[in-house]
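In case you want the letters, here they are:
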Amino acid sequence: MEKTMEKLLTAQELAEFLCIDESTVYKWANQKRLPYIDLGKDGGRRCLRFRRKDIDKLIQKRLA
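Residues numbered from 1 in each chain as written. Predicted model: local features only at pLDDT ≥ 70, side-chain atom pairs only at ≥ 80, totals over all residues. Heavy atoms only, no water.

A. Seen up close, the pattern of salt bridges. Under the defined criterion, the tally for this structure stands at four salt bridges. Here Asp54 makes a salt bridge to Arg51, at a shortest N to O gap of 2.9 Å. Exposure remark for Asp54: the relative accessible area of 15% places this residue in the buried category. By relative accessible area, which is 29% here, Arg51 ends up partly exposed. (Salt bridge = Lys/Arg side-chain N within 4 Å of Asp/Glu carboxyl O. Buried < 20%, exposed > 50% of the residue type's maximum accessible area, 1.4 Å probe, protein only.)

Set out below in structure tokens:
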């Protein structure tokens, strides 16, 4: 059975999903408020990716 990789969200996609500014995503990631995967640098900008299931868990935890 073949496993499919889940799609990782970019900072821009996560910002749109959460209805916040992209700079806030980076700020919260720097503050360890958002779990992320660091893929290094793309040019001069950090290349962060976010798993949707991690974000959903975080939201559920905050709602409780």
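Alright, that's what it looks like, and here's the rest.
B. Here's a closer look at the pairing of strand β2 (residues 37–42). Judged by how many residues are buried, β2 sits mostly at the surface: zero of six residues are covered. Two elements, β2 and strand β3 (residues 45–51), share four bridges in a ladder whose sense is antiparallel. Each bridged residue has a counterpart across the sheet, and for Lys41 the counterpart in β3 is Arg46. Hairpin connection, β2 to β3: the antiparallel pair is bridged by two residues, and Gly43 has positive phi, about 75 degrees. (Helix = DSSP H or I, 4+ residues; strand = E, 2+ residues; numbered from the N terminus. Pairing = 2+ DSSP bridges.)

C. Spatial organisation of the nonpolar core. Judged by nonpolar contacts, Leu9, Ala11, Leu14, Ala15, Val25, Tyr26, Ala29, Leu34, Leu48, Phe50, Ile55 and Leu58 together constitute the single largest core of twelve residues. Contributing elements (two or more residues each) for this core: α1 (11–18), α2 (22–30), β3 and α3 (52–63). Leaving out residues up to four positions away in the same chain, Leu9 has contacts with Leu14, Leu48, Arg49, Phe50 and Arg52. (Core = buried A, V, L, I, M, F, W, Y, C linked by side-chain atoms within 4.5 Å. Contact = heavy atoms within 4.5 Å.)

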